[in-house]
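# Descriptive analysis of the structure
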Amino acid sequence: MTVTPSSVASIAARCLRTPGDIDPDTPLALLGLDSLSTIEMAAELEETFGCELPADVLSECPDARSLASLISSLQTSRRDAGRDDPFDSMMADAVLPADVRPLSSAALSTDLKSAGRILLTGATGFLGGALLGELLQHTADIVCLVRNPGTWTGTQRADNDRVRSITGDLSHPRLGLGEARFQELAQNVDAVVHCGAAVNWVYSYSGLRLANVIGTLELLHLACRRGIPFHFISSLSVCYPADGPATADESFDALPHLRGVHLGYAQSKVVSEALVKEAGARGLPVRIYRPALISGHSDTGAFNEADLITALVRGCVQMGTAPDLDWKLDCQPVNIVARSILELSGEAGPTFHLGHPRPRGWRECVLWMRMYGYDIRLIPHHAWLRQLDAETAPTSPASADHPLRPLRTFFLNRHADAHGLTLPELYEETRRTAASSARTLAAVAGAGVTLPPLNAGLLDTYFRRFRADGVLPAPAPEQGQSSRLAPTDSAASMLGMLLGTTVTDVRILDTGSEHSLVSELTAWRSRQPTGLYRAEVKLRDGSTRRLRLKSKAEDADVIAVGEALSGLVDLSVGRAYARWSDRIGFTASHLREIEIYRQRDPRFLRHAPALLGSITDARSATWLMAIEELEGTTLLNAVDRPDDWRQQDLEAVVDGLASLHAIWYRRESELCDQPWIGYVQGAAGMSEMSDLWTALAAHAAPAFSSWSHPDIASLQRKLIGSVGRWWQDLENPPRTLIHHDFNPRNVCLRAGALCAYDWELATVGAPQRDLAEFLCFVLSPDIGGTDVLVWVERHRRALECETGTTIDRDSWRRGFSAALYDLLINRLATYALVHRIRPQSFLPRVLRTWRGLYEQFPLEEHA
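For every chain, the first residue of its written sequence is number 1, and the numbers climb from 1 along that sequence. For this predicted model, a pLDDT threshold of at least 70 governs which residues receive local features, and a threshold of 80 or more governs which side-chain atom pairs are given and counted, while totals over whole chains, interfaces and linings are taken from all residues. Here the side-chain values reflect all heavy atoms present in the structure, with hydrogen atoms and water set aside.

Attention now moves to the overall build of the chain. Helical segments are the DSSP runs of H or I of at least four residues, strand segments are the runs of E of at least two, and each set is numbered from the N terminus. Looking only at helices and strands, one finds 34 helices and 27 strands in the chain. We compute the radius of gyration from the C-alpha atoms alone; for a globule the expected value is 2.2 Å times N to the 0.38, where N is the number of residues. The globule rule puts the C-alpha radius of gyration for 863 residues at 29 Å, and the 31 Å found for the chain is close to it. When the backbone C-alpha atoms are referred to their principal axes, the chain occupies close to 100 × 65 × 50 Å. Residue burial is assigned from relative accessible area. The probe radius is 1.4 Å, only protein chains are included, and a residue is buried under 20% of its type maximum, exposed over 50%, and partly exposed in between. For the chain, the proportion of its 863 residues judged to be buried stands at 58%. Contacts in the chain between residues far apart in sequence, at least 24 positions, make up 76% of those at least 6 positions apart. For the area figures, the Shrake-Rupley method with a 1.4 Å probe applies, and any residue is considered shielded solely by the protein chains shown. Within the structure as shown, the chain displays about 33,900 Å² of accessible surface, and the carbon and sulfur contribution to it stands at 50%. Positive: Lys, Arg. Negative: Asp, Glu. His and the chain ends are not part of the count. Every charge is mapped to an atom, namely NZ of Lys, CZ of Arg, CG of Asp or CD of Glu. Taking the 86 positively charged and 104 negatively charged side chains of the chain as two groups, their mean positions are separated by 2 Å. Throughout, a contact is declared for two residues whenever any of their heavy atoms are within 4.5 Å.

Have a look at this one:
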């Protein structure tokens, strides 16, 4: 399209939602131009006219006519420039001029809490505003460089005589102040905190260069006049090159990997960091802070409406879909980032990483959104791109109000120098360097800053604020607002009831389960602190005792999480799961584990943690138990350490397992009559549920084939097709109470004997099912058939000894074969479902071991 004032005015009218034509000479600010429409308009102008615009283009060009003139000149410059390598200009910009060096060599403290007067840039922004609030608690005076003070309505500024604003511009020489005022400012501040930047996910390096790179250079000039400390707010995105090392810690130098950085904003930060580091090498006291994504305030939920996270959440809710990408949502709340910068300022640097110790997967966040009530599905990335392209195209009726319209090119553009991948694909975990924040996190913790977990509770805070501010519609159905006391509230009286004695104090040592996605989401859904908590209690006599407190969610909440998860990742699985949800194993799970722990059989007491007390009260929805702390144990949480399991360890587990199985062996009828046992599976029921097993197999097939053998999908189908026949070998022989989650996540050794915990999935079943699962977790994939039979036979003989009965060897082996088959189509296929949302690191190895064991017990030989 030809650049004319009228063509630019037409685009402006569309982006500003102005009916009819607009006069090319009318100031766009009078037509409602704001920060969001600025991004949208600049992106559409770039896409339409094929040129890169500077970040402040709509500030410098107030109307359509001046915009058209600028774009025309940029097109001419681009043609004249030919095919120059843009990285050459970036590398040239990364060279600090020789005259930028501190005139004073005095060693000054970088601690911002002791500075008298600070120059702060970016105070009108999201992080800058939070930094201003933190600085006001410690610093005497703050001078804020602001482009337009008249539009600044920050609460910290109002009626505060310690805050002074000066009008300036990062993209202008001497910050737009002139030499005299520039020198005066340099003489009257004691430190520079440079938080100002053009934060844009669409603009190229050239469009951000003036504000982000040249602005940093001008501020370095200012700081060097007296050699005052310079604090630069960079971005953790500089550590994400596609061609970098596996891990980048705080010492990582991004400049040599600049060609692997494809985001213009990140490129501008790489170049700016190079300038700051060189100034530091010349004697200027410098500190560099690299925040990850910055999320809302952890207490109030206050958020940045122009932020990528906000736009993506809004867009996915509106579209009803989310891209299925392997992203890690690494972010910290804005108030925590601001506080950390202040606390780290006096620490030895020069560089700090402000990432989260436990970032969350993007798919986990989408699952939570679905649990919250928004009807969102994960779909393949390219299918999502096609939907986004259609909905945000200028000709689409939905384009004008689409939250992702300003970010259209960020998601859709493919980079020729990155094998045609889009930027979101380049930021997948397997395609970029992983940033480590370990050293910084240790320093932050030492300073007393508590970083909240990125859990369902924090997301709930954010989404409530989104809704309150009208950014998101109310979900359907509305989630309940009831809430129970947190574990620390009234915990002493509750534990006193559990333990039957007076508890004077309670200290929660750690909370929740690191590996249980279901526990976390059921805790949020039920508004109860469900999960496992390690606690230290002080008794009336002054003694202390450590224990584990386990709060159970009602089975309906657990089932609802399962339905949300399955429906998110696969519609066929979701439909089948909903149909058979009462048979999955969660029914009565809130009662079952407590009742099992109440057993007084000495064999159970020897091989499970002792129950110290329990409460079951349906009226208050309280299912709570206290169990002894697991002390003096080995191989605790050894699921990712299969080589640690020695011969004698395996022997102890198999013998202990037989002892547990003996308790209810041949008492199946009595066991089935227990109200807490839930649904008991049989061969007929397994056949009825074939649609679920088939859907799970189809979902798992791509991953299973890549991890194990290409024929595993057809093998699953054969097993499912004959399930009614071979499952009879798990139903007809005597059954017992089995753990049904018997693997190193829930098993350890105590005093050389088995200790099994987490019994919520226990059911009536063939004892070989526990053995088959355990062996797949701890044996090597290339184990021979003879070695496997050793453990199968040991289990059979131990059970014979424990029960005083004779167990047919051939029938037992057929049962073990069937247990292997059931493990694949049921348990491992379900693990694959969870793996899509939260990676299960053990699963590929366990599947390979399963395949190795199957070679010894193939279906064709199952008589």
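With that out of the way, let us pick up the sheet that holds strand β22 (residues 622–628). Two strands make a pair as long as DSSP finds a minimum of two bridges between them. Reading across the sheet, the 5 strands line up as β18-β19-β20-β22-β21 and stay open at both edges, with antiparallel pairing between neighbours. Of all strands in the sheet, those with a lone pairing partner are β18 (503–510) and β21 (611–617), marking the two edges. Strand after strand, the sheet turns through a mean of 25 degrees between neighbouring axes, direction not considered. Relative to strand β19 (residues 531–539), β18 runs antiparallel, the two sharing 6 bridges. Residue pairing in the sheet places V503 in a bridge with L539 of β19. For every element, the axis is a line fit to its C-alpha atoms; helices are fit only across the contacting stretch, and the angle between N-to-C directions ranges from 0 to 180 degrees.

Where helix α28 (residues 712–721) contacts helix α34 (residues 843–856), the axes come no closer than 13 Å and their chain directions differ by 65 degrees. The element α28 and its partner α34 pack so that their crossing is left-handed. Here α28 contributes I712, L715 and L719 to the contact with α34, which in turn contributes L847, W850, R851 and Y854. Ten residues, namely Ala, Val, Leu, Ile, Met, Phe, Trp, Tyr, Cys and Pro, are considered nonpolar, four, namely Asp, Glu, Lys and Arg, are considered charged, and the remaining ones, Gly among them, are considered polar. Broken down by class, the residue content of the contact of α28 with α34 amounts to 6 nonpolar, no polar and 1 charged. Crossings are classed by handedness, with left-handed meaning an anticlockwise turn of the near helix from the far one by less than a right angle and right-handed meaning a clockwise turn.

As a further point, take the pairing of strand β7 (residues 286–291). Taking burial as the measure, the 6 residues of β7 include 6 buried ones, the bulk of the element. Where strand β5 (residues 230–233) meets β7, 4 bridges bridge the pair, whose relative direction is parallel. Within the sheet, the bridge partner assigned to I233 lies in β7 and is Y289. In this structure, β7 lies alongside strand β12 (residues 351–354), joined through 4 bridges in parallel fashion.

Our focus in this paragraph is the packing of aromatic side chains. Stacked, tilted and edge-to-face are the three classes applied to pairs of Phe, Tyr and Trp rings, where Trp contributes its six-membered ring and a pair requires centres within 6.5 Å; stacked means planes under 30 degrees apart, edge-to-face means over 60, and tilted covers the rest. Throughout the structure, instances matching the rule amount to 25 aromatic pairs. Measuring from centroid to centroid gives 6.3 Å for F777 and Y831, while their planes differ by 65 degrees, and the two rings are edge-to-face. In this pair, F777 sits in helix α31 (residues 768–778) while Y831 sits in helix α33 (residues 809–837), placing the two residues 54 residues apart along the sequence. For the pair shown, F777 and Y831 are each scored as buried. Linked through ring pairs, F303, W368, Y372, Y374, F463 and F466 together constitute an aromatic cluster. In this scheme, the term charge over a ring applies when either NZ of a lysine or CZ of an arginine sits within 6 Å of the ring centre and within 35 degrees of the ring normal. Over the ring of Y240 we find R432, and its NZ or CZ is 3.9 Å from the ring centre. Stacked on the ring of W664, the Lys or Arg R667 has its end atom at 4.1 Å from the ring centre.

Mapped onto the fold, T351 is located in strand β12. Given the relative accessible area of 3%, T351 is considered buried. The residues touching T351, leaving out its near neighbours within four places in the chain, are E250, K277, I288, R290 and R439.

Further remarks concern the pattern of salt bridges. Whenever a carboxyl oxygen of Asp or Glu lies within 4 Å of a side-chain nitrogen of Lys or Arg, that contact is scored as a salt bridge. Tallied over the full model, the rule gives 57 salt bridges. Its salt-bridge partner being D169, residue R147 comes within 3.4 Å of it at the nearest N-O pair. Pair noted here: R147 is in the loop between β2 (141–146) and β3 (163–167) and D169 is in the loop between β3 and α7 (179–188), with a separation of 22 residues, a long-range link. Salt bridges sharing common partners tie together K550, K552, E593, D758 and E760.

This paragraph deals with the side chain of H402. By secondary structure assignment, the location of H402 is in the loop between α13 (381–392) and α14 (408–412). For H402, a relative accessible area of 3% puts it in the buried group. Excluding residues that lie within four positions of it along the chain, H402 makes contacts with G315, Q318, M319, L388, E391 and T392.

Most often, soluble globular proteins keep nonpolar side chains buried together rather than apart. Working definition of a nonpolar core: buried Ala, Val, Leu, Ile, Met, Phe, Trp, Tyr and Cys residues. They are joined through side-chain atoms within 4.5 Å. Grouped together as the largest cluster of nonpolar side chains are 244 residues, with contacts concentrated most on F230, W384, F411, F463, W726, L828 and W850. Looking at this core, the element that brings in the most residues is α33, giving 15 residues. Not counting the four nearest positions on each side in its chain, W726 is found in contact with L719, A818, Y821, D822, I825, L859 and H862. By size, the runner-up hydrophobic cluster in this structure holds 32 residues, among which are L131, C195, A338 and L354.

Those residues of helix α21 (residues 571–579) that sit buried are V573, G574, A576 and Y577. Tucked into the core, α21 has its buried residues touching α20 (555–569), α27 (690–707) and α33. Here a polar contact means two N or O atoms within 3.5 Å. Within protein one must be a hydrogen donor candidate and the other an acceptor candidate, and residues neighboring in sequence count only if both atoms are side-chain atoms. Measuring from the backbone nitrogen of S572 back to the side-chain oxygen at the start of α21 gives 2.9 Å, which picks out D570 as the cap.

Moving on: the confidence of the model for the chain. Close inspection of predicted coordinates is inappropriate in any region flagged by low pLDDT. One confidence number per residue, pLDDT, is output by the predictor and ranges from 0 to 100. Per-residue pLDDT for the chain averages 89, and the proportion of residues at 70 or more is 92%. Taken together, the stretch residues 478–489 has pLDDT below 50 and engages in 24 contacts with residues farther than four places along the chain or on a different chain.

Another aspect to go through is the sheet that holds strand β4 (residues 191–194). Reading across the sheet, the 7 strands line up as β3-β2-β1-β4-β5-β7-β12 and stay open at both edges, with parallel pairing between neighbours. Where the open sheet ends on each side, the last strands, each with one partner, are β3 and β12. The mean inter-strand angle of the sheet, taken between neighbouring strand axes irrespective of direction, is 20 degrees. As paired strands, strand β1 (residues 117–121) and β4 are joined by 4 bridges and run parallel to one another. In the sheet register, L119 faces β4, and the bridge partner there is V192. Across the sheet, α7 is in contact with β1, β2 and β3; its angle to β3 comes to roughly 155 degrees.

What follows deals with unusual backbone geometry. A cis amide bond links G349 with the next residue in sequence, P350, at an omega value of 5 degrees. Relative to the helices and strands, P350 resides in the loop between α11 (334–344) and β12. Of note, the phi angle at R174 is positive, near 50 degrees, even though the residue is not glycine. Mapped onto the elements, R174 comes out in the loop between β3 and α7. Note on R174: relative accessible area 23%, which makes it partly exposed. The backbone phi angle of L635 is positive, close to 60 degrees, even though this residue is not glycine. For L635, the position within the fold is in the loop between β23 (633–634) and α24 (647–664). The class of L635 is buried, set by a relative accessible area of 11%.

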